[in-house]
Amino acid sequence: MKRLAFLVIIIALPILVYFQYSNYERFHPPSTYDYVINDSIDVHYHDQSVLQQYYKNAFEIGTFARSSWRTYEIDVQFPDQEDEQSRQAVEYYQQLLTTTAHLEDVLIYSKGLKDKGFDNQQIAEIEKQGISPRGFLLQQSGLLQGLERGDKGEAVWELQRILQQKGYDLPVDGVFDVVTEDALKKYQQAEELYPSGKVDASSHHELIRSL
């Protein structure tokens, strides 16, 4: 009788351990489900709804992943590709991750601009126009506007540097000579602008926008 009881225990113990472990796993999902808030974001971003959505998504990522694990035993990080419910859960999870990462990039970018001295109003305008911080500053200064052959100085140097960065062969010496004029005309033609050889309104807009 003792041998039979011992045999039953030997057989039942692994089964009991397995079910206990499965139950523990079900209610203790991986800690990697949690989305870590980046400490380099702009918490004073000009559009607070973006910040709020970022925090909401970050919380939902972990909540959804744990809920999928506990309720349906779906591991969104290691899904069963043969199971439709698992695939749908992972698709939603990945969408959350992608959206949150994008919001995070926006907030980090804004923080970086503020570290360089930009304020909320300037950052909002940069985003609205889709231009670079450098382009925004040039636009605000009007430095390039109206440049033509014969001009000299910092503004010409900046124009030459922009044209050179765009692949045009010319010296960066601050002198608007025939070489600079020719490079500007080629740029204007490439952008389907009138090749005036001067930084007119349309050329100025395109130069700023494409930085």
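To be clear, the structure that these remarks concern was listed above.
Along every chain, residues carry numbers that run from 1 in the direction the sequence is written. Where totals are concerned, whole chains, interfaces and linings use all residues; where local detail is concerned, this predicted model gives features only for residues with pLDDT of at least 70, and gives and counts side-chain atom pairs only at 80 or more. Just so you know, side-chain values use all the structure's heavy atoms and leave hydrogens and water out.

Draft legend 1. Seen up close, the overall build of the protein chain. Of regular secondary structure, the protein chain possesses 8 helices and 0 strands. For the protein chain, the sequential pattern of α-helices and β-strands runs α-α-α-α-α-α-α-α. Exposed residues in this analysis have more than 50% of their type's maximum accessible area, buried residues have under 20%, and partly exposed residues fall in between, with area computed by a 1.4 Å probe over protein chains only. Counting all 211 residues of the protein chain, 31% fall into the buried class. The Shrake-Rupley method, run with a 1.4 Å probe, gives the accessible areas here. Residue values count only the displayed protein chains as cover. Working note: accessible area of the protein chain is about 13,400 Å², and carbon and sulfur atoms make up 55% of it. Secondary structure elements follow DSSP: runs of H or I no shorter than four residues count as helices, runs of E no shorter than two count as strands, and numbering proceeds from the N terminus.

Draft legend 2. A look at the nonpolar core. In terms of nonpolar packing, the biggest core is built from 23 residues, with Leu 144, Leu 147, Leu 159, Leu 163, Val 199 and Leu 207 touching the most fellow members. Counting only elements with at least two residues in this core, the list comes to α4 (120-129), α5 (133-141), α6 (154-165), α7 (178-190) and α8 (201-209). Ranked by residue count, the leading element in this core is α6, at 5 residues. Residue contacts for Leu 144: discarding those within four places in its chain leaves Leu 138, Ala 155, Glu 158, Leu 159, Ile 162, Val 199, His 204 and Ile 208. Of all hydrophobic cores here, the second largest spans 10 residues; its members include Tyr 33, Ala 65, Ala 89 and Val 90. We define a nonpolar core as any set of buried Ala, Val, Leu, Ile, Met, Phe, Trp, Tyr and Cys residues linked to one another through side-chain atoms lying within 4.5 Å. By the convention used here, residues are in contact when the closest approach between their heavy atoms is within 4.5 Å.

Draft legend 3. Spatial organisation of α6. In this model, α6 (12 residues) spans 16 Å end to end at C-alpha, consistent with the 16 Å of a helix rising 1.5 Å per residue. Residues of α6 that are buried: Ala 155, Val 156, Glu 158, Leu 159, Gln 160, Ile 162 and Leu 163. Its buried side turned inward, α6 meets α5, α7 and α8. At the exit of α6 stands Gly 167, carrying a positive phi of roughly 100°. Helices are assigned an expected span. That span is 1.5 Å times one less than the residue count.

Draft legend 4. Highlighting α8. Regarding α8, the residues found buried are Ser 203, His 204, Glu 206, Leu 207 and Ile 208. At its buried positions, α8 is contacted by α5, α6 and α7.

Draft legend 5. Highlighting the pattern of salt bridges. Throughout this description, the term salt bridge denotes a Lys or Arg side-chain nitrogen within 4 Å of a carboxyl oxygen of Asp or Glu. By the definition in use, this model includes 10 salt bridges. Salt-bridge contacts for Arg 66 lead to Asp 34; the nearest nitrogen and oxygen are separated by 2.4 Å. Here Asp 34 lies in the loop between α1 (2-27) and α2 (48-72) and Arg 66 lies in helix α2, a separation of 32 residues in the sequence. The closest approach of N and O atoms between Arg 149 and Glu 181, which form a salt bridge, is 3.5 Å. Here Glu 181 lies in helix α7 and Arg 149 lies in the loop between α5 and α6, a separation of 32 residues in the sequence. Judged by relative accessible area, which is 52%, Arg 149 ranks as exposed. The exposure class of Glu 181 is buried, given its relative accessible area of 16%. Where salt bridges share partners, they join Arg 134, Glu 158 and Arg 161 into one cluster.

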